[in-house]
Amino acid sequence: MERHVLIVFPHPDDESYTVSGTAAYHLHNGTPVTYACLTMGQLGRNLGNPPFANRVTLPTVRRGELEASCAAIGITDVRALGFHDKMIEFEDRELLDGKLRELIEELNPSLILTFHPEYSVHPDHDACGAAVVRVVEAMKPKDRPKVHVVAFAKGHERALGPADVHVDITLFLEQKIGSIKAHKSQFHTDPVFEGLPAHHPTIRERFASEKFWTYKFDTHPKK
Amino acid sequence: MLPIQPQAVQELLDKLKNQELYLHLELTNGAYTFEKDRSKLVASNLIRNVKVSYSNGSISGVGPYRVGLKMPEGWIYAEGLTHYEETEPERAILAGNDNDGKLVVSLMLSPEPF
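Residues numbered from 1 in each chain as written. Chains lettered and ligands numbered in written order. Predicted model: local features only at pLDDT ≥ 70, side-chain atom pairs only at ≥ 80, totals over all residues.

A. Structural detail: the interface of chain B and chain A. Chain B puts 21 residues into the contact, and the matching count from chain A is 14 residues. The set of elements that each furnish at least two residues to the side of chain B that touches chain A consists of strand 2 (21-28), strand 8 (92-97) and strand 9 (103-110) of chain B. Split by residue class, the side of chain B that touches chain A holds 9 nonpolar, 8 polar and 4 charged. (Contact = placed C-beta atoms within 7 Å. Helix = DSSP H or I, 4+ residues; strand = E, 2+ residues; numbered from the N terminus. Nonpolar A, V, L, I, M, F, W, Y, C, P; charged D, E, K, R; others polar.)

B. Spatial organisation of unusual backbone geometry. Geometrically, the link from Asn49 of chain A to Pro50 of chain A is a cis peptide bond, its omega value of 0° lying close to zero. As for its position among the elements, Pro50 of chain A is in the loop between strand 2 (33-39) and helix 3 (58-73). Gly63 of chain B connects to Pro64 of chain B through a cis peptide bond whose omega is -5°. Examined against the element boundaries, Pro64 of chain B turns out to sit in the loop between strand 4 (56-60) and strand 5 (65-71). One non-glycine residue, Asn18 of chain B, adopts positive backbone phi at about 60°. A count of 11 C-beta atoms within 10 Å places Asn18 of chain B in the exposed class. (Buried ≥ 20, exposed ≤ 12 C-beta atoms within 10 Å, placed from the backbone.)

C. Spotlight on the nonpolar core. Ile7, Val8, Cys128 and Val132 of chain A are the most contacted members of the largest nonpolar core, which has 52 residues in total. In contact with Cys128 of chain A, not counting residues within four places along its chain, are Val8, Phe9, Pro10, Leu38, Ile88, Thr114 and Phe115 of chain A. Grouped together as the second largest cluster of nonpolar side chains are 29 residues, Leu81, Tyr84, Ala92 and Ile93 of chain B included. (Core = buried A, V, L, I, M, F, W, Y, C linked by C-beta atoms within 7 Å.)

Pasting the structure below:
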């Protein structure tokens, strides 16, 4: 059982397909879960046809969806870190790493869930994973939390090998579907929107497992 | 947002001319473009909250629309605009959204930073 799980992703909705079931599983075990979301996804492209939002109102819409997603999963500690969408790789590293370091010091997580720093497609995803890795790598090896990363860029399995952590979330499909549905501005073509129940074979086959790679750190702290 | 009504946008562009404004100009085809189709190039740009002032601004075309703004020493231009925010009389909020409802281009001007 984990002591505290910290999820670090750059956009509201990054949690849905990747870790929502795993988060629900840890919460069910009594482990506190904190979700640190780096941006409000203010440059998201989906505004709808006809539009339901514009460039100015989108972050408010997405904040509401983030809260609804976390409510569906059961996460009560959500931290919006206030960075700008798409700019994570260009952000002042001292500021970015400093915010993450503060969070880790405050929460003392035993497990961090984030993106792989190279195989996560979106530049913000990679930069988010890279920041987590930098901060954890700078810690003494005995103090480091485990870091489990999500990867999905083409060629990731060739580079990383098969995922080494598989979480069976069959019991937490409701939470996962709830999280996906909460981000209705972002996901609208998924079969979950066709009214299939959480335990429908199609849903179960697609969503019942969440997989991660354990990030392998050097044994000596980096300066 | 509503489909652009050119006269309404033109009136707004006239109202905003010759004053200091904050510009948001963005063009994007989406971060997942290459992942979905390897023959495509992911390209985008963003200028956000840069101060500008223009002396002549107009909307052109029959839809999607173009907007050009003439500044003392240069130009601001956007093509592919389809929608405007009709509830914002003090600032210009224009977007080009594709048929899937995804933003491709955004041009916004405001006396206050975005």
